[in-house]
Structure formats: C-alpha cells, structure tokens
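Working through the structure, step by step
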Amino acid sequence: MSISAIIVVFAVCWFLVLLIVLPLRLQTQAEAGSIVPGTPAGAPAGPVGRKKLIVTTVAATIAWAAICLTVLSGAISIRDFDVMGRMPPVSAED
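Residues numbered from 1 in each chain as written. Predicted model: local features only at pLDDT ≥ 70, side-chain atom pairs only at ≥ 80, totals over all residues. Heavy atoms only, no water.

Observations concerning the packing of helix 1 (residues 3-21) against helix 3 (residues 49-73)
- Viewed as axis vectors pointing N to C, helix 1 and helix 3 meet at an angle of 135°, and their least axial separation amounts to 8 Å. By the angle between their directions, the pair helix 1 and helix 3 is classed as oblique. The element helix 1 and its partner helix 3 pack so that their crossing is right-handed. The segment helix 1 lies against helix 3, with Ile 6, Val 9, Phe 10, Cys 13, Trp 14, Val 17, Leu 18 and Val 21 engaging Lys 52, Leu 53, Val 55, Thr 56, Thr 57, Ala 59, Ala 60, Thr 61, Trp 64 and Ile 67.
- Looking at the contact of helix 1 with helix 3 residue by residue, the classes come out as 14 nonpolar, 3 polar and 1 charged. (Axes fitted to C-alpha atoms, helices over the stretch in contact; angles between N-to-C directions. Helix = DSSP H or I, 4+ residues; strand = E, 2+ residues; numbered from the N terminus. Parallel < 35°, antiparallel > 145°, perpendicular 65-115°, else oblique. Left-handed = near helix turned anticlockwise from the far one by under 90°. Contact = heavy atoms within 4.5 Å. Nonpolar A, V, L, I, M, F, W, Y, C, P; charged D, E, K, R; others polar.)

Right under this line is the structure:
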C-alpha cells in the first residue's frame, strides 16, 4: 500500500464518518425554542462543530486502521475483486 493510497483511504473514511456523525444529537433552533431572526428553524441551536470534528477524527482513525491492517495483512488483495478473471496469473516473484 503506497503513501498516497493510505492518505486517500483516510480521507474517504473521514468524510464518510463525518456524514454519519453530523446529524447525531442535533438540536435545532425550533426544538430549543429560540429561533434567531433570519435563520431557518432547522439550523443548529449552538456551536457543535469542534466536538463533531474530534469525534469524526477518532472514529475515522479507528476505521482507517482496521482497513489498513486488513489490507496489509494480506487478508484482502486486489485479486479478490477480480471477478472477471482479467488479471494475469500470480508469478513466483509476487
């Protein structure tokens, strides 16, 4: 696994986890009962960005480590996804 592949896998994990974490424990202004004029009622009631980014980073790091360990251990390789049989046979050098 190259350095660029490791960075890409982390970025993908981070953004996927962010999309999962964003709506969790969200309290809207309508639910809080205090809507600021000029904002929609569904806007968050308070600043929660920093906490959500920390949770996202921790969870994404755990998922990224699990994915990297699985790939680096050899449990999953690119040949496992070759369902059409288009890859050349494994040579003695690999």
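Topic: the nonpolar core
- The biggest cluster of nonpolar side chains holds 6 residues, and these are Cys 13, Trp 14, Val 17, Leu 18, Val 21 and Ala 60.
- If you tally residues by element for this core, the top one is helix 1, at 5 residues.
- Not counting chain neighbours up to four residues away, the residues in contact with Ala 60 comprise Phe 10, Cys 13, Trp 14 and Val 17. (Core = buried A, V, L, I, M, F, W, Y, C linked by side-chain atoms within 4.5 Å. Buried < 20%, exposed > 50% of the residue type's maximum accessible area, 1.4 Å probe, protein only.)

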